[in-house]
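One-letter residues, chain by chain:
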Amino acid sequence: MVMRYELLEHTADVMVRCTGDTLAECFENAAYALSDQTVDPSCVDRVVEVPIEVTGDDDESRLYNFLSEVLFIEEAEVFAFSDFKVSIDGDKVSAIGWGEPLDLKRHHPKTEVKAITYHMMHVDPSIPELRVVFDI
């Protein structure tokens, strides 16, 4: 299996580095990394398709807004994601997330992510790769 993200050393929170063939794939991998902190995505079935759309003035704000929306859906809808497909067009990020309502017995809850942070966030579309910290 292709590595979707790697954990980087951070004192108190969770920092991840995501790469991909495109910036959109990096965003997909970041959303997967977020989900992987809260549940085991391999136990989540692709039952429900959830559209996600955000905008931002730059790559960092688009990443922040996108991941914050994923986190909001997880919390507000008591939902678990297993996979994402992202497209980026100008200042807009459009995505589909697949998953199902959270099932504490099947999805193996892990850590609660409180927020996405701008702290140490870095997006480089030329490589492409990104780094983001999740506040736990």
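Note that the coordinates shown come from a computational prediction; the quantities given were computed from them, not determined experimentally.

Participant: When you look at a nonpolar patch on the surface in this model, what are you seeing that I'm missing?
Facilitator: Among the surface-exposed residues, Val 78, Leu 102 and Leu 104 lie close enough to one another that they form a single nonpolar patch of about 260 Å² accessible area. Looking at the secondary structure, you find Leu 102 in the loop between β5 (92-101) and β6 (115-124). Using a relative accessible area of 31% as the deciding quantity, one classes Leu 102 as partly exposed.

Participant: What is the right way to look at the environment of Gly 20 in this model?
Facilitator: Within the fold, Gly 20 resides in the loop between β2 (14-19) and α1 (23-38). Each C-alpha atom, one on Gly 20 and one on Ile 88, is 14 Å from the other, the two residues being 68 residues apart in sequence. Contact partners of Gly 20, with chain neighbours within four places excluded, come to Glu 25, Cys 26 and Pro 128.

Participant: Looking at this structure, I do not really get the pattern of salt bridges. What am I missing?
Facilitator: A side chain of one charge can pair with a side chain of the opposite charge if their charged atoms are brought near each other. Evaluation of the coordinates by the stated rule reveals 10 salt bridges. The closest approach of N and O atoms between Lys 85 and Glu 28, which form a salt bridge, is 3.8 Å. Of this pair, Lys 85 sits in strand β4 (residues 79-89) while Glu 28 sits in helix α1, and the two are 57 residues apart along the sequence. By sharing partners, the salt bridges in this structure join Asp 45, Glu 100, Asp 103 and Arg 106 into a single network.

Participant: Even after reading the chapter, I still don't get the layout of surface pockets, so can you show me in this structure?
Facilitator: Regions of empty space are outlined by a rolling probe, equal in size to a water molecule, passed over the atoms. Estimated volume of the largest pocket: approximately 230 Å³. Taken together, 13 residues make up the lining of the largest pocket; nearest its centre are Thr 38, Val 39, Leu 102, Thr 111 and Glu 112. Tallying contributions element by element places helix α2 (residues 59-76) first for the lining of the largest pocket, with three residues. Of the residues belonging to the lining of the largest pocket, the class tally is seven nonpolar, two polar and four charged.

Participant: Please explain the packing of aromatic side chains as it appears in this structure.
Facilitator: The geometry of two aromatic rings is summed up by the distance between their centres and the angle between their planes. Scanning all chains against the criterion turns up six aromatic pairs. A ring pair is formed by Tyr 5 and Tyr 32, whose centres lie 6.4 Å apart and whose planes are at 55°; its orientation type is tilted. With a gap of 27 residues between them, Tyr 5 in the segment before β1 (6-8) and Tyr 32 in helix α1 connect regions that are remote in the sequence. Assigned by exposure class, Tyr 5 and Tyr 32 land together as buried. Directly above the aromatic system of Trp 98 lies the positively charged group of Arg 46, at a separation of 4.0 Å from the ring centroid.

Scoring rules and cut-offs
- Residues numbered from 1 in each chain as written.
- Predicted model: local features only at pLDDT ≥ 70, side-chain atom pairs only at ≥ 80, totals over all residues.
- Heavy atoms only, no water.
- Patch = residues over 30% accessible without salt bridge, like charges linked within 9 Å, V, L, I, M, F, W, Y side chains within 5 Å.
- Areas by Shrake-Rupley, 256 points an atom, 1.4 Å probe, with all protein chains shown as cover.
- Salt bridge = Lys/Arg side-chain N within 4 Å of Asp/Glu carboxyl O.
- Helix = DSSP H or I, 4+ residues; strand = E, 2+ residues; numbered from the N terminus.
- Buried < 20%, exposed > 50% of the residue type's maximum accessible area, 1.4 Å probe, protein only.
- Contact = heavy atoms within 4.5 Å.
- 1 Å grid on protein atoms, 1.4 Å probe; cavity = no way out; pocket = protein on both sides within 12 Å on 5 of 7 lines; lining within 4 Å.
- Points joined across faces, edges and corners; volume = space filled by probe spheres on them.
- Nonpolar A, V, L, I, M, F, W, Y, C, P; charged D, E, K, R; others polar.
- Phe/Tyr/Trp six-rings, centres within 6.5 Å; stacked < 30°, edge-to-face > 60°.
- Lys NZ or Arg CZ within 6 Å of the ring centre and 35° of its normal.

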